[in-house]
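What follows is each chain in one-letter form.
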Amino acid sequence: MSNSIQQLADSLSAVFAEKLVSVEIEFNEVSIEVTPENLLEVTTELRDNPEFEFQQLIDLCGVDYSQFGQDEWQTDDASRAGFGRGVDAATSSGRLQFGDELESLTPPGRRFAAVYHLLSYVFNRRLRIRVFASNDDFPVVPTVTEVWNSADWYEREAFDLLGILFDGHPDLRRILTDYGFVGHPFRKDFPMIGNVEMRYDPEKRRVIYEPVTIEPRVLVPRVRRNDHRYLEDVGEDTEDGADDA
């Protein structure tokens, strides 16, 4: 870890004191957590204070932590036959349908977060900010469009895909999905098959929406492994060294 990264973490702790929930150094980068009430004050200070000068917001995204740390696939232990890929259909998020709900594994107020990545050209360093929406059912955080104009479309994307509302945004509406789209596709409880499907109706001469007709299923990726059991001739290399597992 470089001295400049530790110095940044120390400066953040000293300048903002009680306004930060936490200051951490992860992956050789400083990360801070801020409450929604302090977000605008902290971000404005990070931009204008000569000690920081984070002039550029290079990325903003939303995160759904409801199933954080959970994995449907058993990949920790392997038997002689390889890794297990069985999925319990009753608990698999890949088989969710419209109206199904997943129980959040996080404490209340820790499900939805907005994450900001800042860059200082003056000091050539980066900073990550995370702010959690206090209400899981109606997640709202303040907009930072008045601090960085580049937040405009980023916040619209987070709203569209995760349903996070940015209070004060000048034009908060969907940006990637269709106008009549139902739900937010990056939420962990959103069905992989979607909620509705659309097609052109020649009789009505327009596009119509209908309930999804696709059968819910879990997709299993094709995996290639170098395993002697799948070689055509033991002791002789095949063209690519392995067949599909």
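Everything numeric in this text was worked out from a predicted model, so none of it was measured.

1. Here we look at the layout of surface pockets
For step 1, the next point in the chain: Approximately 190 Å³ is the volume found for the second largest pocket.
For step 2, the next point in the chain: Gln97, Phe98, Gly99, Asp100, Val182, Gly183, His184, Arg187, Asp189, Phe190, Pro191 and Asn195 are the residues that line the second largest pocket.
For step 3, the next point in the chain: Looking at the lining of the second largest pocket residue by residue, the classes come out as 4 nonpolar, 5 polar and 3 charged.

2. Brief notes about helix 3 (residues 151-162)
For step 1, the next point in the chain: For helix 3, with 12 residues, the first-to-last C-alpha span of 16 Å sits near the 16 Å given by 1.5 Å per residue.
For step 2, the next point in the chain: Buried residues along helix 3 sit in contact with strand 3 (56-64), strand 6 (112-120), strand 8 (140-142) and strand 9 (165-167).
For step 3, the next point in the chain: Directly after helix 3, the chain includes Gly163, whose backbone phi takes a positive value near 75 degrees.

3. Here's the deal with the sheet that holds strand 6
For step 1, the next point in the chain: Strand order in the open sheet formed by 5 strands is 1-2-7-6-3, and the pairing between neighbours is mixed. Each edge of the sheet is formed by a strand with only one pairing partner; in this case those strands are strand 1 (20-26) and strand 3. Going across the sheet, the axis of each strand differs from the next one's by a mean of 20 degrees, ignoring polarity.
For step 2, the next point in the chain: For strand 1 and strand 2 (residues 29-34), the ladder comprises 6 bridges, and the chain directions are antiparallel. The residue bridging Val23 from the neighbouring strand is Ile32, located in strand 2.
For step 3, the next point in the chain: Docked against the sheet, helix 1 (residues 3-16) engages strand 1, strand 2 and strand 7 (125-132), running at close to 175 degrees with respect to strand 1.
For step 4, the next point in the chain: This element, helix 3, spans strand 3 and strand 6 of the sheet and lies at about 10 degrees to strand 3.

4. Here we look at the side chain of Ser11
For step 1, the next point in the chain: Along the chain, Ser11 falls in helix 1.
For step 2, the next point in the chain: Relative accessible area serves as the criterion here: at 18%, Ser11 is assigned to the buried category.
For step 3, the next point in the chain: Here the side chain of Ser11 touches Glu51 through a polar contact of 3.1 Å, side chain to side chain.
For step 4, the next point in the chain: Those residues within four positions of Ser11 in sequence are excluded, and the remaining contacts are Glu51 and Phe52.

5. A look at helix 1
For step 1, the next point in the chain: Spanning 14 residues, helix 1 covers 20 Å between terminal C-alpha atoms, matching the ideal 20 Å at 1.5 Å per step.
For step 2, the next point in the chain: Inspection of helix 1 places Ile5, Leu8, Ala9, Ser11, Leu12 and Phe16 among the buried residues, and these make up the whole buried set. Viewed end-on, helix 1 has its buried residues packed into an arc of 165 degrees, placing them on one side of the element. Facing away from the buried side of helix 1 by more than 90 degrees, the exposed set consists of Asn3 and Ala14.
For step 3, the next point in the chain: Those residues of helix 1 that are buried are in contact with strand 1, strand 2, helix 2 (39-48) and strand 7.
For step 4, the next point in the chain: Following helix 1 by one or two positions, Ala17 has its phi on the positive side, about 45 degrees.

What counts, and at which threshold
- Residues numbered from 1 in each chain as written.
- Predicted model: local features only at pLDDT ≥ 70, side-chain atom pairs only at ≥ 80, totals over all residues.
- Heavy atoms only, no water.
- 1 Å grid on protein atoms, 1.4 Å probe; cavity = no way out; pocket = protein on both sides within 12 Å on 5 of 7 lines; lining within 4 Å.
- Points joined across faces, edges and corners; volume = space filled by probe spheres on them.
- Nonpolar A, V, L, I, M, F, W, Y, C, P; charged D, E, K, R; others polar.
- Helix = DSSP H or I, 4+ residues; strand = E, 2+ residues; numbered from the N terminus.
- Expected span 1.5 Å × (residues − 1).
- Contact = heavy atoms within 4.5 Å.
- Pairing = 2+ DSSP bridges.
- Axes fitted to C-alpha atoms, helices over the stretch in contact; angles between N-to-C directions.
- Buried < 20%, exposed > 50% of the residue type's maximum accessible area, 1.4 Å probe, protein only.
- Polar contact = N/O pair within 3.5 Å; in protein donor to acceptor, adjacent residues only side chain to side chain.
- Arc of directions from axis to C-beta.

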